[in-house]
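Geometric and topological summary
Here is how the chains run, residue by residue.
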Amino acid sequence: MRPEIKEYNYDWMLGSLLKVASEIGNSSEKEIQYLTNYIPYFKGTLSVLLREGEVGTCFIRLLDKYFDNILTAHQNSKKISAITFCLSPALFHAMNIVPVTLEVMTGLAGLLWKRGAYDYLDYGCELGFTETSCSSQRGALGAYLAGLGEEIDFLVCDTPGVCDTNANAFAFASTFMEKPFFQLNYPQTIGDEKTRKYHLDDYKDLITFLKEQTGKDLDVDRLREVLKEVDKQDDILAEIEDFYCLVPNPIPVIFNLFIYIGRFISAGLPEYTELLELMLEKVQQNAQKGITGLHFEQEKARVFMCYIDHYTLNLDFFDWLNRRGISHLGGILSRNFRDNTRYASELEKSTYGIDTSTFETMLTSLSEMNATLPMVRSIRGPFDKPNMWLEESISLARLYHADCVVYNGTPGCRNTWGMVKPFAREVEKAGFPVHIMNGDAFDDRVESWESTVNRLEEFLSIRGLL
Ligand code: SF4
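Residues numbered from 1 in each chain as written. Predicted model: local features only at pLDDT ≥ 70, side-chain atom pairs only at ≥ 80, totals over all residues. Heavy atoms only, no water.

On to the overall build of the chain. Tallying secondary structure elements over the chain gives 20 helices and eight strands in all. Whereas a compact globule of 466 residues would reach a radius of gyration of roughly 23 Å, the chain reaches 21 Å, a difference of no more than 12%. A principal-axis box enclosing the C-alpha atoms of the chain has dimensions of 60 × 55 × 40 Å. Looking at the chain residue by residue over its 466 residues, the buried ones come to 61%. Counting contacts in the chain only where the partners sit at least 6 residues apart, residues at least 24 apart contribute 76% of the total. Of the roughly 17900 Å² that the chain leaves accessible, carbon and sulfur atoms contribute 49%. Each charge class in the chain was averaged separately, 46 positive and 66 negative side chains, and the resulting centres sit 2 Å apart. (Helix = DSSP H or I, 4+ residues; strand = E, 2+ residues; numbered from the N terminus. Rg over C-alpha atoms; globule rule 2.2 N^0.38 Å. Buried < 20%, exposed > 50% of the residue type's maximum accessible area, 1.4 Å probe, protein only. Contact = heavy atoms within 4.5 Å. Areas by Shrake-Rupley, 256 points an atom, 1.4 Å probe, with all protein chains shown as cover. Lys, Arg positive; Asp, Glu negative; His and termini not counted. Charge placed at Lys NZ, Arg CZ, Asp CG, Glu CD.)

Once that is clear, we can look at the side chain of serine 81. By the element assignment, serine 81 lies in strand β1 (residues 80-83). Residue classification places serine 81 among the buried residues on the basis of a relative accessible area of 0%. Residues within four places of serine 81 in sequence aside, it is in contact with Phe92, Ile97, Val98, Pro99, Val100, Phe154, Leu155 and Val156.

The four strands are arranged β6-β5-β7-β8 in an open sheet whose pairing can be described as parallel. Strands with a single pairing partner mark the edges of an open sheet, and in this sheet they are β6 (326-328) and β8 (434-436). Sheet twist, expressed as the average angle between the axes of neighbouring strands with direction ignored, equals 30°. Pairing of strand β5 (residues 301-305) with β6, which is carried by three bridges, proceeds in the parallel orientation. Note on β6: the bridge partner recorded for arginine 302 is serine 327. Packing of helix α14 (residues 316-324) onto the sheet brings it into contact with β5 and β6, and relative to β6 it is tilted by some 135°. (Pairing = 2+ DSSP bridges. Axes fitted to C-alpha atoms, helices over the stretch in contact; angles between N-to-C directions.)

On to the domain arrangement of the chain. Where interface size is quoted, it is often the accessible area lost as the parts come together. Split into domains, the chain comes out as domain 1 (3-219) and domain 2 (221-462). Each of domain 1 and domain 2 was reduced to a C-alpha centroid, and the two centroids are 20 Å apart. On the side of domain 2, 64 residues touch domain 1, which itself brings 66 residues to the contact. In terms of surface lost to domain 2, no three residues of domain 1 exceed Leu62, Phe85 and Ile190, which account for 11% of the buried area on that side. For glutamate 274, the salt bridge identified is with arginine 61, shortest N-O distance 3.3 Å. (Domains from an automatic or database assignment. Buried area = accessible area lost by both parts, 1.4 Å probe. Salt bridge = Lys/Arg side-chain N within 4 Å of Asp/Glu carboxyl O.)

This part takes up α14. Inspection of α14 places Phe317, Phe318, Asp319, Trp320, Leu321 and Asn322 among the buried residues, and these make up the whole buried set. Elements in contact with the buried residues of α14: α3 (43-50), α12 (255-266), β5, β6 and α20 (449-462). One or two residues past the end of α14 sits glycine 325, with phi positive at roughly 75°.

With that settled, the discussion passes to the side chain of serine 133. If you trace the backbone, serine 133 turns up in the loop between α7 (118-126) and α8 (135-145). Judged by relative accessible area, serine 133 falls into the buried class, the value being 3%. Discounting residues that sit within four places of it in the chain, serine 133 has contacts with Arg138, Thr165 and Gly412.

One key point about sheets: their strands pair by backbone hydrogen bonds, in either a parallel or an antiparallel sense. An order of β2-β1-β3-β4 is seen for the four strands of this open sheet, with the pairing classed as parallel. Of all strands in the sheet, those bounded by a partner on one side alone are β2 (98-101) and β4 (181-183). Here the strands of the sheet are splayed against their neighbours by 25° on average, with no regard to which way each runs. Strand direction decides the pairing type here: strand β3 (residues 154-157) and β4, joined by three bridges, are parallel. Bridging across to β4, cysteine 157 finds its partner in glutamine 183.

Here it is in structure tokens:
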């Protein structure tokens, strides 16, 4: 790693930038313009966020709060756990543990810094961690492996079997940093009693592990409070979801990113509820006026992202959709498969509900919520089995009147690369043109954004979509 990169902590650098950005909300146009002279690389990303008005500034505040919690955790006698986006942070918030969600931390480096997370991605490889691993964990992890972040006290992941590279990243980090590690088994199936019971017992073991690490018991009232907040958030999310059915789609492109980043780091916390309330208000206003959530163009095409988005400086992917008149219908990361959502109404037994009546029902709710998180639920093996990636993608694309389906991932994602071509063939047969992006969502060196956008433009033009 370059010596200059070792001068500052990763989380501190991101947190400082967001701290300044969070104070911009009340500034005048002139003040913002003056300030942007001092943030040449961040100003593009900032302007895309500020374009969303109050919702954008609320999202920045949510991130700022998240980093504040990380940076002050130890002085406030809280423990820090590295976790993955396939694991709900709700339990961690209920136990006063600060979750560092590696994939979000890596994505933010790509969105906020011109140099992205490149040096940190490479550092993991310098240490012997394979370069064919998923870049989503490897970026931020590189910083923590180099000791360039708040000290991680322990690690928890829950995707062995579903995602080998994710599980290996956590196992490698635990060994390298000599920190305790809990690996939650993924449920083999969703909805059958035997697996449900197994997963619940496993979840209870996780709680025992967390109690040992923190030296504190799980406060049942606090758990209830967090779960009730999640319940409220799920209701708002279900309402927002319904608006994807409208043509034109009244949901601004960037809201998809807000939905899942917020959920991966702040599920169960009031700041996420506030963000969702503001988003819903904006979407309702757009719907009442019959207008699209796009800022520059009328809606010309509707894209369903069957996997993840692209996280590069200036929020280029989201901005490009906006400027080309393409609305974003969400993807695997923005959906929670809660039982109150329209898209999940036919997926009997493969959703979750929230029941806060007893300790046992709360644990069941949490463990089932976990089992429906993106990669645990959708990418769990054969892509064409009932309720899995193919069926789910086609039904969502139909429900939301998609004009095309686009895949984007990371080269390290064997789970999806191993089946994306037959998957694409089947989706085409169902009537949706499919484009497979070749880049890395978290590492622009694999394919530059300019090349990525050229391929996207070519696809849209050849298929007559724009
Ligand atoms: S993107 Fe693929 S490799 Fe990365 S965590 Fe998800 S399933 Fe695993």
